[in-house]
Amino acid sequence: RKISEIAMRVGIMMDDYESQMVSLTAGEEIAFGLLNHGFSSEEVDKRVSQALADVGLPGRENYQLDELSGGQRQRVSIAVSLLQGSRFIIADEPVSALDVTIQRQIMELIIKLQEEMKFSVLFISHDLNVIYQMCDRVMVMSNGRIVEEGEVEEVFANPQAVYTKELMAATLDVEE
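Every value quoted in this text rests on a predicted model; they were computed, and no experiment measured them. (Residues numbered from 1 in each chain as written. Predicted model: local features only at pLDDT ≥ 70, side-chain atom pairs only at ≥ 80, totals over all residues. Heavy atoms only, no water.)

Chemist: Which residues make up the side chain of Glu 148, and what values do they have?
Modeler: Considering the arrangement of structural elements, one finds Glu 148 in strand β5 (residues 145–151). Of the side chains with opposite charge, Lys 165 lies nearest to the buried Glu 148, which makes no salt bridge, at 7.7 Å. Engagement of the side chain of Glu 148 in a polar contact is seen with the backbone nitrogen of Gln 160, the distance being 2.8 Å. Polar side-chain contacts of Glu 148 include one of 2.9 Å to the backbone nitrogen of Ala 161. (Helix = DSSP H or I, 4+ residues; strand = E, 2+ residues; numbered from the N terminus. Buried < 20%, exposed > 50% of the residue type's maximum accessible area, 1.4 Å probe, protein only. Lys, Arg positive; Asp, Glu negative; His and termini not counted. Salt bridge = Lys/Arg side-chain N within 4 Å of Asp/Glu carboxyl O. Polar contact = N/O pair within 3.5 Å; in protein donor to acceptor, adjacent residues only side chain to side chain.)

Structure (structure tokens):
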């Protein structure tokens, strides 16, 4: 297979709004990847409208990205990652820059879309509460190496690695 075909099947969802071109509209940001892969303008328009509707932003094609809130921009990022029919999404800290109310909305949206569209998510986060709520399995990394992995319930209830225990203790200290 061509690399471009494989790349189209993997979506990336970032928390870094700087990766978005704020001079673009939401529709242009979403359409960018499709236009570079040879879709017709009619197909692009149809997919952009559907993607915005899927993430709860119907009719926002012509809004400038810098006119949107952080949560709305994250929804655009989700739309970008899904519009090519990706079956695997890498979500790198997708809710870290959002307040807790918006975090909850975005997490619920990701779960809803995942169930409807049947894609897998590699969810990267430093927030253990988010990991606990979003993931079935967890891998804990320290210095670029996996130090522990398993079912979320199992790892959280009975961490084995020293580093995992330290993370859990630090999280409990912050919450108290």
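Read on for the rest.
Chemist: Go over a nonpolar patch on the surface with me, naming the residues and quoting the values.
Modeler: Among the surface-exposed residues, Val 10, Ile 12, Phe 88, Leu 122, Ile 124, Met 139, Met 141 and Ile 146 lie close enough to one another that they form a single nonpolar patch of about 660 Å² accessible area. For the nonpolar patch, the secondary structure elements donating two or more residues are β1 (10–14), β3 (120–124) and β4 (137–142). Tracing the sequence through the fold places Ile 146 in strand β5. Its relative accessible area of 46% is what places Ile 146 among the partly exposed residues. (Patch = residues over 30% accessible without salt bridge, like charges linked within 9 Å, V, L, I, M, F, W, Y side chains within 5 Å. Areas by Shrake-Rupley, 256 points an atom, 1.4 Å probe, with all protein chains shown as cover.)

Chemist: Before we move on, could you go through the packing of helix α4 (residues 70–82) against helix α5 (residues 100–117) and cite the residues and values that matter?
Modeler: At their nearest, the axes of α4 and α5 sit 10 Å apart, and the two run at 20° to each other. Between α4 and α5, the angle is such that the two are roughly parallel. The two elements α4 and α5 meet at a crossing, and its hand is right-handed. Within the contact between the two elements, α4 uses Gly 71, Gln 74, Arg 75, Ile 78 and Leu 82 and α5 uses Ile 102, Gln 105, Ile 106, Leu 109, Ile 110, Leu 113 and Met 117. Across the contact of α4 with α5, the residue classes tally to 8 nonpolar, 3 polar and 1 charged. (Axes fitted to C-alpha atoms, helices over the stretch in contact; angles between N-to-C directions. Parallel < 35°, antiparallel > 145°, perpendicular 65-115°, else oblique. Left-handed = near helix turned anticlockwise from the far one by under 90°. Contact = heavy atoms within 4.5 Å. Nonpolar A, V, L, I, M, F, W, Y, C, P; charged D, E, K, R; others polar.)

Chemist: How would you explain helix α3 (residues 41–54) if you had to name every residue and give the values?
Modeler: Structurally, the α-helix is built with 3.6 residues per turn, so residues lying three or four positions apart point the same way. Given a rise of 1.5 Å per residue, 14 residues ought to cover 20 Å, and the 20 Å separating the end C-alpha atoms of α3 matches this to within 8%. Regarding α3, the residues found buried are Val 44, Val 48, Ala 51 and Leu 52. Here the buried residues of α3 occupy an arc of 95° about the axis, which is enough to place them on one side. Relative to its buried face, α3 has exposed residues pointing more than 90 degrees away, namely Glu 42 and Lys 46. The inward-facing, buried residues of α3 contact α2 (26–35) and α4. A positive backbone phi angle near 85° is found at Gly 56, which sits one or two residues after α3. (Expected span 1.5 Å × (residues − 1). Arc of directions from axis to C-beta.)

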